[in-house]
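For reference, the chains in residue letters:
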Amino acid sequence: MKPTQVDAYLRRLGVQHPAWPTVEVLRELHLRHLQTVPFENLSVHLGEEIVLEEERLVEKVVSAGRGGFCYELNGAFGALLAALGFDVTLLAGRVYGDEGRFGIPYDHLALRVRSVDGGEWLADVGFGAHSHYPLAFGARDEQVDPAGTFRIVEAGPDAAGVRGGDGAGAKGGGEAADLDVVVGGRSQYRLEVRPRVLGDFMAGAWWHSTSPASHFTQSLVCSKVTEDGGRITLSGRMLKVTAADGAREERELGTDEEVLGVYRERFGIGLDRVPVVRSPGRDG
């Protein structure tokens, strides 16, 4: 990433250029990203191409003032962290669905980040509702976060009885076991610890942006963490504002002008037309 892009990215986040890639810097960047760069799937329904190349991802977030879904947000954030001196590894995950079933391979992209002061962290600014701060990657006990109580635990066998890795990686031999990310006692996704590259996720991004079975093609979402620790979400024309204490207000927006105004004023996204759910495979 070019120095000018780094500076522009940090300006969007409202963060000063850090002197060192420490855990405290990572925590600030992580939270500010969640508060300023929305989790959104508007490109899917606006007919915009999703390209998993670092330059294009950074351009979308920094120059276009947009957000994205996991591949885009964590892809761009990982590029920023690497440019600031963090050691960043891309990890592939599979999201838990109904009855504990997994999504497709390369269903999710998350980041394993090492800071200069010795910490190793799970950073994820692309899951929608997730931890506000990075999680200690090696910790197996509960980690309390404003978004809930999280744990990272060694994963058991999948539905076919297959266990990812052999659990020996931490001892210096074999392949480390897969990990489950759990919040409030419920598993969110399973992570492989094998390093990946951005191109590995192309098939997953294509599937999620085109398949009728993908929840990203079935509905619209634009969501971010608010300054007070709550969340604001626009789903189609339904605006939901949730306070940090869980209190929720919902209202349906009646006109296109209202919808475009919320995108612009609450999410910083300027659009010339209201996105509508597209039938997968339909052009325009």
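Residue positions are counted from 1 within each chain, in the order its sequence is given. For this predicted model, a pLDDT threshold of at least 70 governs which residues receive local features, and a threshold of 80 or more governs which side-chain atom pairs are given and counted, while totals over whole chains, interfaces and linings are taken from all residues. Based on all heavy atoms of the structure, the side-chain values leave hydrogens and waters out of the count.

Describe the side chain of Lys 224, listing the residues and the values that go with them.
Here a helix means four or more residues in a row that DSSP labels H or I, a strand means two or more in a row labelled E, and each is numbered from the N terminus. Among the structural elements, Lys 224 can be located in strand 10 (residues 222–225). Residue contacts for Lys 224: discarding those within four places in its chain leaves Leu 34, Gln 35, Pro 38, Gly 230, Arg 231, Ile 232, Arg 266 and Phe 267. Contact definition: two residues touch when any of their heavy atoms are within 4.5 Å.

So what's going on with the layout of surface pockets? Residues and values would help.
Rolled over the atoms, a probe with the dimensions of a water molecule shows which regions are left empty. Buriedness of a pocket was judged along seven lines, with at least five required to meet protein on both sides within 12 Å; pockets are open sets of points on a 1 Å grid over the protein atoms alone, cavities are sets where a 1.4 Å probe fits but cannot get out, and lining residues have an atom within 4 Å of a point. Grid points are joined across faces, edges and corners, and a volume is the space filled by probe spheres set on the points. Considered as a void within the structure, the largest pocket measures approximately 490 Å³ in volume. Every residue lining the largest pocket is counted, 24 residues in all, and those nearest its centre are Phe 39, Val 95, Phe 127, His 215 and Phe 216. If you list the elements that add at least two residues to the lining of the largest pocket, you get helix 6 (202–210), helix 7 (215–218) and strand 11 (231–235). Only Asp, Glu, Lys and Arg are considered charged in this grouping, and only Ala, Val, Leu, Ile, Met, Phe, Trp, Tyr, Cys and Pro are considered nonpolar; every other residue, Gly among them, is considered polar. Residue composition of the lining of the largest pocket, grouped by class: 10 nonpolar, 12 polar and 2 charged.

Go over the packing of helix 1 (residues 3–13) against helix 5 (residues 70–83) with me, naming the residues and quoting the values.
Interaxial distance between helix 1 and helix 5 falls to 11 Å at its minimum, and their mutual angle equals 115 degrees. Crossing hand, helix 1 versus helix 5: left-handed. In contact with Val 6, Tyr 9, Leu 10 and Leu 13 of helix 1, helix 5 contributes Ala 76, Phe 77, Leu 80 and Ala 83. Across the contact of helix 1 with helix 5, the residue classes break down as 8 nonpolar, no polar and no charged. Angles run from 0 to 180 degrees between N-to-C directions of axes, and those axes are lines fitted to C-alpha atoms, restricted for helices to the stretch in contact. Each crossing gets its hand from how the near helix is turned against the far one by less than a right angle, where anticlockwise is left-handed and clockwise is right-handed.

Tell me about the pairing of strand 4 (residues 120–123), and name the residues and values.
Across 4 bridges, strand 3 (residues 108–114) lies against strand 4 in antiparallel orientation. Bridge pairing in strand 4 links Arg 112 to Leu 122. Pairing between two strands is assigned when DSSP locates at least 2 bridges connecting them. Hairpin connection between strand 3 and strand 4: a loop of 5 residues separates the two successive antiparallel strands, and Gly 118 in this loop has a positive phi of roughly 95 degrees.

Explain helix 6 residue by residue, including any values.
Turning to helix 6, its buried residues are Gly 204, Ala 205, His 208 and Ser 209. In a view along the axis of helix 6, the buried residues occupy a sector of 120 degrees, so they form one face of it. Facing away from the buried side of helix 6 by over 90 degrees, the exposed positions are Met 202, Ala 203 and Trp 206. Its buried side turned inward, helix 6 meets helix 3 (42–46), helix 5 and helix 7. Three exposure classes are used, based on accessible area relative to the maximum for each residue type with a 1.4 Å probe and protein chains only: buried under 20%, partly exposed in between, and exposed over 50%. Here the arc refers to the set of directions running from the helix axis out to each C-beta atom.

Outline the pairing of strand 2 (residues 87–95), supporting the account with residue identities and numerical values.
Examined bridge by bridge, strand 2 and strand 3 share 7 bridges and lie antiparallel to one another. Counted as the bridge partner of Val 88 is Val 113 from strand 3. The pairing of strand 2 with strand 9 (residues 186–191) spans 3 bridges and is antiparallel. Bridging from a neighbouring strand, Val 95 pairs with Tyr 189 of strand 9.

With reference to specific residues and values, describe the nonpolar core.
If you look at the biggest cluster of nonpolar residues, it comprises 44 residues, and the most contacted ones within it are Tyr 9, Leu 29 and Phe 77. The set of elements that each furnish at least two residues to this core consists of helix 1, helix 2 (23–36), helix 4 (54–63), helix 5, strand 2, strand 3 and strand 4. For this core, the element with the highest residue contribution is helix 5, accounting for 8 residues. By nonpolar core is meant a set of buried Ala, Val, Leu, Ile, Met, Phe, Trp, Tyr and Cys residues that side-chain atoms within 4.5 Å join together. Core analysis: the second largest hydrophobic core is formed by 16 residues, Leu 42, Cys 222, Leu 260 and Val 262 among them.

Explain the sheet that holds strand 6 (residues 143–145) to me, and be specific about the residues and the numbers.
Sheet strands pair by backbone hydrogen bonding; their relative direction is either parallel or antiparallel. In space, the 8 strands of this open sheet follow the order 5-4-3-2-9-8-7-6, with antiparallel pairing throughout. Only two strands of the sheet have a single neighbouring strand rather than two, namely strand 5 (135–136) and strand 6. The strands touched by helix 5 are strand 2, strand 3 and strand 4; relative to strand 3, the strand with the most contacts, the crossing angle is about 20 degrees.

Provide a residue-level description of empty space enclosed by the protein, including the pertinent values.
Taken as a whole, this structure holds 1 cavity of 30 Å³ or more when the rule is applied. Taken as a whole, the largest cavity holds about 50 Å³ of empty space. Lining the largest cavity are Leu 34, Val 37, Pro 38, Phe 39, Leu 73, Val 125, Gly 128, Ser 223, Lys 224, Val 225 and Arg 231. If you tally residues by element for the lining of the largest cavity, the top one is strand 10, at 3 residues. Class assignment for the residues of the lining of the largest cavity results in 7 nonpolar, 2 polar and 2 charged.

Break down unusual backbone geometry for me, with residues and values.
Despite not being glycine, Tyr 106 shows a phi value in the positive range, around 60 degrees. Here Tyr 106 shows up in the loop between strand 2 and strand 3.

Please set out the packing of helix 2 against helix 5 residue by residue, giving values where relevant.
It is the contact of helix 2 with helix 5, at a shortest axis distance of 12 Å, that shows an interaxial angle of 150 degrees. Compared by their axis directions, helix 2 and helix 5 come out roughly antiparallel. Considering only the axes of helix 2 and helix 5, their crossing is right-handed. Two secondary-structure elements touch here, helix 2 through Leu 26, Leu 29, His 30 and His 33 and helix 5 through Leu 73, Phe 77 and Leu 81. Should an angle fall under 35 degrees it is called roughly parallel, over 145 degrees roughly antiparallel, and 65 to 115 degrees roughly perpendicular, with every other angle called oblique.

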